[in-house]
Amino acid sequence: MDLEDTAARLGVPAEDVERVHRRAGDRPSAPVPALAGAPALLDRLAVPRDDAAEIIEAWPVPDSPLWTPELRWLLDRSTALVRADLGGHGWLPPGPALPRDRGPAWRHLYVYVYLALVDVVLQYHRDHGINSAVSWTTLADLGRNLAVDRRMRGEGWPVMQSWLTLHARGGVYELGRLQHHRGTTISLHIPDSGPLTPDAVDSSLAEGRAFFPRHFPDEHHTAFSCGSWLLDPQLREYLPADSNIVRFQQRFELEPYEAPEGINADVEVRRFVFRTLTTPLDRLPRDTVLQRAIVDHLRAGRHWHWRRGQFPIEP
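Computed from a predicted structure; not experimentally measured. (Residues numbered from 1 in each chain as written. Predicted model: local features only at pLDDT ≥ 70, side-chain atom pairs only at ≥ 80, totals over all residues. Heavy atoms only, no water.)

S.K.: Can you walk me through the nonpolar core in this structure?
M.R.: Within soluble globular proteins, side chains that are nonpolar generally end up buried alongside one another. Core analysis: the largest hydrophobic core is formed by 56 residues, its most contacted members being L45, I55, L98, L109, Y112, L115 and L142. Among the elements that make up this core, the one with the highest residue count is helix α7 (residues 109-116) (eight residues). What I55 contacts, discounting residues up to four positions off in sequence, is L42, V47, H108, V111, Y112, L115 and L146. (Core = buried A, V, L, I, M, F, W, Y, C linked by side-chain atoms within 4.5 Å. Buried < 20%, exposed > 50% of the residue type's maximum accessible area, 1.4 Å probe, protein only. Helix = DSSP H or I, 4+ residues; strand = E, 2+ residues; numbered from the N terminus. Contact = heavy atoms within 4.5 Å.)

Laid out in structure tokens, this is it:
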């Protein structure tokens, strides 16, 4: 395999292809499931109808003209790269961002990586005694993220692509309202799945307190943590004291502020509140207190901050 030629054919930097080759090595991959079972699998993973149709259309069957040798290589080696870190919980890009306008095989290549690893990670869950309902709820975040990406006209996927390798390796579990991410602490993520009410958060934290000692007894966590623009104290200038976001903030002891490398909080706020990065400020919706706060803050020339905080697991 000529890596430079492969990179040129994929339209990506050579160093990105070399990274996949180096990280995957000759480690075993995993096959994409049979096409016959695709509709049921995609439905179980909550993949929206339009996305499911595209994914099925470009399924990497052996005789598909959509799948060039370099695409098949990248699918196989990216799957091997992620599978090699089964049980890991660090951020792991599976491969380079591809030119998505070249068709559905290019647009959804990392979806097929995810699908190839579903059986692998389900076995990992079973080995740890994890209930299948938790497994499928967690893995169905694929559909949620594809829906977000479609709404964002393709602006969401490069970030979500790395995020979803956590699910495919057993690093993240959706327990009630929050996603719980294994690590030095249990890091909390907030999916777009309804109000962030104190009762819903309490219930999710209670599940997490029981879940990790039961299924990962060799790991010893003493704190829940979160890194998010949602923890920015500036939000209290705009939101009522009894709002769900402010009450969520009040759970955490914040670390001293330091601008995180590679994260622009203004961009992340727009990504998660408005699901667009390109709409001008004066055309963004102002239907909620939060939306008005975000827009007014940015139009005043101010910036949002990404903050980290934690609190003890034991209540």
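Here the narrative resumes, following the displayed structure.
S.K.: I tried to follow the sheet that holds strand β4 (residues 223-228) on my own but got confused; where do I start?
M.R.: In a beta sheet, neighbouring strands pair by backbone hydrogen bonds and run either parallel or antiparallel. The six strands are arranged β1-β2-β3-β4-β6-β5 in an open sheet whose pairing can be described as mixed. The two strands at the open ends of the sheet, each matched to only one other strand, are β1 (172-175) and β5 (253-254). Bridge count between strand β3 (residues 186-189) and β4: two bridges; the pairing is parallel. Directly across from S187, in β4, lies its bridge partner S225. (Pairing = 2+ DSSP bridges.)

S.K.: Can you walk me through helix α4 (residues 49-57) in this structure?
M.R.: Within α4 the residues assigned to the buried category are D51, A52 and I55. Here the buried residues of α4 occupy an arc of 100 degrees about the axis, which is enough to place them on one side. Of the exposed residues in α4, those oriented more than 90 degrees away from the buried face are R49 and E57. Tucked into the core, α4 has its buried residues touching α3 (38-44), α7 and α10 (141-151). (Arc of directions from axis to C-beta.)

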